Amino acid sequence: SSRVLWTLAVTQLKRENPHHIHVTMDAAQREREKVKILAALGQKFVQERYFADYDRNRENLRKFYNGQSVLIWNGQPVPGDKIADFHLSLPRSSLHRIHTLDSQPVRPGQPGTVGDMTVMVTASGSVEYGSEEPRDFSSPFDPSSKTRRNG
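Calculation criteria
- Residues numbered from 1 in each chain as written.
- Predicted model: local features only at pLDDT ≥ 70, side-chain atom pairs only at ≥ 80, totals over all residues.
- Heavy atoms only, no water.
- Helix = DSSP H or I, 4+ residues; strand = E, 2+ residues; numbered from the N terminus.
- Buried < 20%, exposed > 50% of the residue type's maximum accessible area, 1.4 Å probe, protein only.
- Contact = heavy atoms within 4.5 Å.
- Areas by Shrake-Rupley, 256 points an atom, 1.4 Å probe, with all protein chains shown as cover.
- pLDDT = per-residue confidence, 0-100.
- Phe/Tyr/Trp six-rings, centres within 6.5 Å; stacked < 30°, edge-to-face > 60°.
- 1 Å grid on protein atoms, 1.4 Å probe; cavity = no way out; pocket = protein on both sides within 12 Å on 5 of 7 lines; lining within 4 Å.
- Points joined across faces, edges and corners; volume = space filled by probe spheres on them.
- Nonpolar A, V, L, I, M, F, W, Y, C, P; charged D, E, K, R; others polar.
- Pairing = 2+ DSSP bridges.
- Axes fitted to C-alpha atoms, helices over the stretch in contact; angles between N-to-C directions.

Moving on, we come to the overall build of the protein chain. Tallying secondary structure elements over the protein chain gives three helices and five strands in all. Starting at the N terminus and ending at the C terminus, the protein chain contains elements arranged as α-α-β-β-α-β-β-β. Within the protein chain, the proportion of its 151 residues that are buried is 38%. Contacts in the protein chain between residues far apart in sequence, at least 24 positions, make up 58% of those at least 6 positions apart. Surface summary for the protein chain: the accessible area is close to 8700 Å², and the carbon and sulfur share equals 51%.

Put into structure tokens, the structure is as follows:
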């Protein structure tokens, strides 16, 4: 599930930087460090997990959505249990180019991520489907959501 992927990413980042939150830091320093870690994890999730699966193995997208998820496509809502099928109905060949990634801390967070905080990531860029002209996109992500569907 995506929750497992998120936990693995947190574990890997902690392994790569074991002194990420030093005990002697004051509260403000710890807070800034948490935000940096969450931003890096959120961006890694979007770039290395979600869009990699979208462009290479779209069937894997099922693990990223649950019944509470909603996709808005050209102003039309697509409910969570239909999102993966909707993406599969699009032309199979796709290439996402991410132009901007923005990560924002969100409270209250999900216990078990990094303290009492989680992150909202917004990716913007262009996508090409097959031989069509590139289209702009903007997608928000909450990669730490505990309510993911098993996949």
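Next comes the rest of the description.
Let us now look at the confidence of the model for the protein chain. Overall, the prediction assigns the protein chain a mean pLDDT of 77, with 70% of residues at 70 or greater. The element-level mean pLDDT for the protein chain is lowest in helix α1 (residues 2–16), coming to 59, with strand β2 (residues 76–79) highest at 93.

We now examine the packing of aromatic side chains. Throughout the structure, instances matching the rule amount to 11 aromatic pairs. With a centroid separation of 6.3 Å and 85° between ring planes, the pair formed by Y50 and Y65 is classed as edge-to-face. Remark: Y65 occurs in the loop between α2 (27–56) and β1 (70–73) and Y50 occurs in helix α2; sequence separation between them is 15 residues. This pair shows no difference in class: Y50 is buried, exactly as Y65 is. Both rings, one in Y50 and one in F141, keep their centres 4.8 Å apart while their planes meet at 65°; by these two values the pair is edge-to-face. Of this pair, Y50 sits in helix α2 while F141 sits in strand β5 (residues 135–141); the two residues are 91 residues apart in sequence, bridging distant segments of the chain.

This part covers the layout of surface pockets. Approximately 800 Å³ is the volume found for the largest pocket. Surrounding the largest pocket, 31 residues form its lining, Y65, V70, L71, S139 and P140 being those nearest its centre. Looking at the lining of the largest pocket, the elements with two or more residues in it are α2, β1, α3 (80–89), β4 (118–129) and β5. Broken down by element, the lining of the largest pocket gets its largest block of residues, seven residues, from β5. Its residues placed into classes, the lining of the largest pocket shows 17 nonpolar, 10 polar and four charged.

Read across the sheet, three strands follow the order β3-β4-β5 without closing on themselves; strand pairing throughout is antiparallel. Two strands close off the open sheet at either side, each with one partner strand: β3 (94–106) and β5. Strand-to-strand twist of the sheet, defined as the mean angle between neighbouring strand axes without regard to direction, takes the value 20°. In the packing of α2 onto the sheet, contacts are made with β3, β4 and β5, and the angle to β3 comes to roughly 155°.

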